[in-house]
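# Notes for the structure review
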Amino acid sequence: MVIMLQPEPVTLNNSQVYVNPKCKPSPVLIPVVNLTDQNAKTQIVKACEELGFFRVVNHGVQPELLTQLEEEAVKFFALPQSHKDKAGPADPFRYGSKRIGPNGDVGWIEYILLNANSDTKTTAVFRQTTPTFRETVEVYMEEMKDMSSKVLEMVAEELKIEPKEKLSRLVRVKESDSCLRMNHYPEKEETPDKKEVGFGEHTDPQLVSVLRSNDTEGLQICLKDGTWVDVPPDHSSFFVFVGDTLQVMTNGRFKSVKHRVLTNTKRSRLSMIYFAGPPLTEKIAPLSCLVPKQEDWLYKEFTWSQYKSAAYKTKLGDYRLGPFEKQLPFSISSV
């Protein structure tokens, strides 16, 4: 099953947003994966190879949980600014507004970033919220851990990776370095012929990211030819992104897709993204069962901690994997 998207040309004044003028609009098919389908694992791998992105239906997460989490998030973001500021500043966890990371990226956004393994920074946020908020967030993160693990296990089965828990284990273990981000893009008067950046273009560094939003538009993904296309919102579904780490482990067979959020609507957008990451000490490299010879590796081996630290020092739109790519040997023949 697929949904068809039409690219929408945009003119932006913000230099961080790039639209390739040479790209011709063409219909785009976004894979839709039914997790209960017996062919789901085949469909997931195909989607990861071709687009690095797919929509998930029949995921098993109760609608009541999604509704409750959204209501709790809306309550928090509706609080006076002075109250929200007590849950910050973001470093990188806790509450933040407009500033995204330490390197000058900004957007029309406020957010909460929470560590899946509750720490002092995450607790600082919970002190400014209701007990129901914390309880709902913790249940939701467990559901997202289960979904991301299930997706990774299906990938392993389809690619004949042994044991089949090799990928899913990375996000199931206690030491897994995963997190939950709640992004709120406030209402803003629409400006004709202009779309503003809510969250600039980037890839996600982890294994996979699982996104769910309300019914407000804004999410876009970038195709291989540089064309940006809108992703229609669907509050009952989830969207899964391939992350940089999974791209490395598959030696580039899966692609980490660039995405961004543009705001041009009078309706606020609320999204929740679960980033499924491996333990900090986990060594990341192309899997030997997929790439038996190290000379065929496209990437150097590194730990997740090393990559996370390097990624944090970059701007959103930077190609973070560049320094970790292997330099392929070449020869220059004289004429």
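On a predicted model such as this, the values are computed, not experimentally measured, just so you know.

Calculation criteria
- Residues numbered from 1 in each chain as written.
- Predicted model: local features only at pLDDT ≥ 70, side-chain atom pairs only at ≥ 80, totals over all residues.
- Heavy atoms only, no water.
- Helix = DSSP H or I, 4+ residues; strand = E, 2+ residues; numbered from the N terminus.
- Expected span 1.5 Å × (residues − 1).
- Phe/Tyr/Trp six-rings, centres within 6.5 Å; stacked < 30°, edge-to-face > 60°.
- Buried < 20%, exposed > 50% of the residue type's maximum accessible area, 1.4 Å probe, protein only.
- Lys NZ or Arg CZ within 6 Å of the ring centre and 35° of its normal.
- Pairing = 2+ DSSP bridges.
- pLDDT = per-residue confidence, 0-100.
- Contact = heavy atoms within 4.5 Å.
- Polar contact = N/O pair within 3.5 Å; in protein donor to acceptor, adjacent residues only side chain to side chain.

## Let's talk about helix H5 (residues 131–158)
In this model, H5 (28 residues) spans 41 Å end to end at C-alpha, consistent with the 40 Å of a helix rising 1.5 Å per residue. Lys160 sits one or two positions beyond H5 and adopts a positive phi of about 60°.

## Focus on the packing of aromatic side chains
One pass over the full model with this rule turns up ten aromatic pairs. Their ring planes at 50° and their centres at 4.8 Å tell us that Phe53 and Phe241 sit as a pair that is tilted. With a gap of 188 residues between them, Phe53 in strand S3 (residues 53–57) and Phe241 in strand S11 (residues 238–242) connect regions that are remote in the sequence. Since its relative accessible area comes to 0%, Phe53 is described here as buried. Lying across the ring of Tyr111, Arg181 places its NZ or CZ 4.0 Å from the centre. Directly above the ring of Trp228 sits Arg260, whose terminal nitrogen or CZ lies 4.0 Å from the centroid.

## Details of the environment of Leu316
Inspection of the secondary structure puts Leu316 in the segment after helix H8 (304–312). On the basis of relative accessible area, Leu316 is assigned to the buried category, the value being 11%. Taking C-alpha positions, Leu316 is 5.3 Å from His202, a pair spaced 114 residues apart along the chain.

## Regarding the pairing of strand S8 (residues 208–213)
For S8, a buried count of six out of six residues is recorded, marking the element as mostly surrounded by other parts of the structure. Judged by which residues are buried, S8 turns out to be covered on both faces: Val208, Val210 and Arg212 on one side and Ser209, Leu211 and Ser213 on the other are all buried. In terms of strand pairing, S8 meets S11 through four bridges, oriented antiparallel. Bridge pairing links Ser209 to Phe241 in S11. By the bridge criterion, six bridges tie S8 to strand S13 (residues 269–276) in an arrangement that is antiparallel. In the sheet register, Ser209 faces S13, and the bridge partner there is Phe275.

## Considering the confidence of the model for the protein
Within the protein, residue pLDDT values average 88, and 87% of them lie at 70 or more. Low pLDDT, under 50, characterises residues 6–26; the predicted model gives this stretch 43 contacts beyond four residues in sequence or across chains. Low pLDDT, under 50, characterises residues 331–335; the predicted model gives this stretch zero contacts beyond four residues in sequence or across chains.

## Some points on the environment of Arg320
Tracing the sequence through the fold places Arg320 in the segment after H8. For Arg320, a relative accessible area of 11% translates into the label buried. Between the C-alpha atoms of Arg320 and Ala310, which are ten residues apart in sequence, the distance is 7.7 Å. For Arg320, the contacting residues outside a window of four places in its chain are His202, Thr203, Pro205, Asp244, Tyr307, Ala311 and Thr314. A polar side-chain atom of Arg320 sits 3.4 Å from a polar atom in the side chain of Thr314.

## Concerning unusual backbone geometry
Here the amide bond leading from Gly88 into Pro89 is cis, since omega sits at -5°, within 30 degrees of zero. Following the sequence through the fold, Pro89 ends up in the loop between helix H3 (81–85) and strand S4 (94–100). Of note, the bond from Asp91 into Pro92 is cis; its omega dihedral lies within 30 degrees of zero at -15°. Structurally, Pro92 can be placed in the loop between H3 and S4. Within the chain, Asn58 stands out as a residue other than glycine whose phi angle is a positive 50°. Residue Arg94 is not a glycine yet carries a positive backbone phi of 90°. Note that Arg94 resides in strand S4.

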